[in-house]
Amino acid sequence: MRRVLMAVVALSAALVAGCDDAGASPAAPPSTAPAAAAGGACQLLDFGMVNAKLGLNLSVAAGASMDNSFSCVLQTAAGSYPDLVLSVTTTTIGADVFSSAIAPKDGQAVPGLGLVGYQRPTPAAEKSGPGAEKSGPGVEVGWLAGNKRIIKLSLRLAPDAGDEQAAADMPKMVELAKLIDLSSL
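Residues numbered from 1 in each chain as written. Predicted model: local features only at pLDDT ≥ 70, side-chain atom pairs only at ≥ 80, totals over all residues. Heavy atoms only, no water.

## Regarding the side chain of T76
Working step 1: Its location among the elements puts T76 in the loop between β2 (69–75) and β3 (83–90).
Working step 2: Engagement of the side chain of T76 in a polar contact is seen with the backbone nitrogen of G79, the distance being 3.2 Å.
Working step 3: In this view, T76 contacts N57, L58, S59, V60, Y81 and P82; residues no more than four positions away in its chain are not counted. (Helix = DSSP H or I, 4+ residues; strand = E, 2+ residues; numbered from the N terminus. Polar contact = N/O pair within 3.5 Å; in protein donor to acceptor, adjacent residues only side chain to side chain. Contact = heavy atoms within 4.5 Å.)

## Structural notes on the confidence of the model for the chain
Where the model shows low pLDDT, its predicted coordinates should not be examined in detail.
Working step 1: Summing up the model confidence of the chain, the mean pLDDT is 84 and the portion of residues at 70 or higher is 78%.
Working step 2: Ranking the elements of the chain by mean pLDDT puts helix α1 (residues 2–17) last with 39 and strand β6 (residues 138–144) first with 98.
Working step 3: Confidence over residues 1–30 falls short of pLDDT 50; this stretch has 40 contacts with residues more than four positions distant or in other chains. (pLDDT = per-residue confidence, 0-100.)

## Focus: the packing of helix α2 (residues 47–54) against helix α4 (residues 163–181)
Working step 1: α4 packs onto α2 with a crossing angle of 150° between their chain directions and a minimal axis gap of 9 Å. The angle between α2 and α4 falls in the class roughly antiparallel. Our pair here, α2 against α4, has a crossing hand that is right-handed. Along the contact surface, α2 presents M49, V50, K53 and L54, while α4 presents D169, K172, M173, E175, L176 and L179. (Axes fitted to C-alpha atoms, helices over the stretch in contact; angles between N-to-C directions. Parallel < 35°, antiparallel > 145°, perpendicular 65-115°, else oblique. Left-handed = near helix turned anticlockwise from the far one by under 90°.)

## Looking at the nonpolar core
Nonpolar side chains in soluble globular proteins tend to end up buried together.
Working step 1: By size, the foremost hydrophobic cluster in this structure holds 31 residues, and its most contacted members are L74, L84, L86, W143 and L153.
Working step 2: Elements supplying a minimum of two residues to this core: α2, β2, β3, β6, β7 (149–156) and α4.
Working step 3: Sorting elements by how many residues they give to this core places α4 first, with seven residues.
Working step 4: The contacts of L153, once residues within four sequence positions are left out, are L84, V85, L86, V139, E140, V141, W143, M173, L176, A177 and I180.
Working step 5: If you look at the next biggest cluster of nonpolar residues, it comprises eight residues, including I93, V116, Y118 and I150. (Core = buried A, V, L, I, M, F, W, Y, C linked by side-chain atoms within 4.5 Å. Buried < 20%, exposed > 50% of the residue type's maximum accessible area, 1.4 Å probe, protein only.)

Structure follows, in structure tokens:
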């Protein structure tokens, strides 16, 4: 199970790293395609729903799938941050295993989200790897859905955002997670 989760994390990281705006043409018009058109876990997202819940202007989507794992990255057309990453992996584990082996120890329980869920702030990240940018703090919400899916939703803010912005986004992310939990691939 850990190997599957590590693959999802690696796949999401690869997507995020490949979604920078280096070499992008400033004259290129933003896409008007729906997020779901990107495939992968993007099928669970809608730009209008996400932007309304989070107060953002995300308009670019990249999705991927590998075996029983699906991921999606949403970003603004203007830059790498903020970004929203959604990963979904099918599983056979129960709530007890999720709580003890998957959920981070510093996560706070989220009642009413899947079978069991957590939320936690994430710290700002320094650059890592070629072409990577520093990100601001963020928010992570994860849960075990009733239909046996491990779902993780992460928001990373711009480098100039403060911890107070991430704290203000936490309840918004939980509400978005609850909407996503009602969806299915």
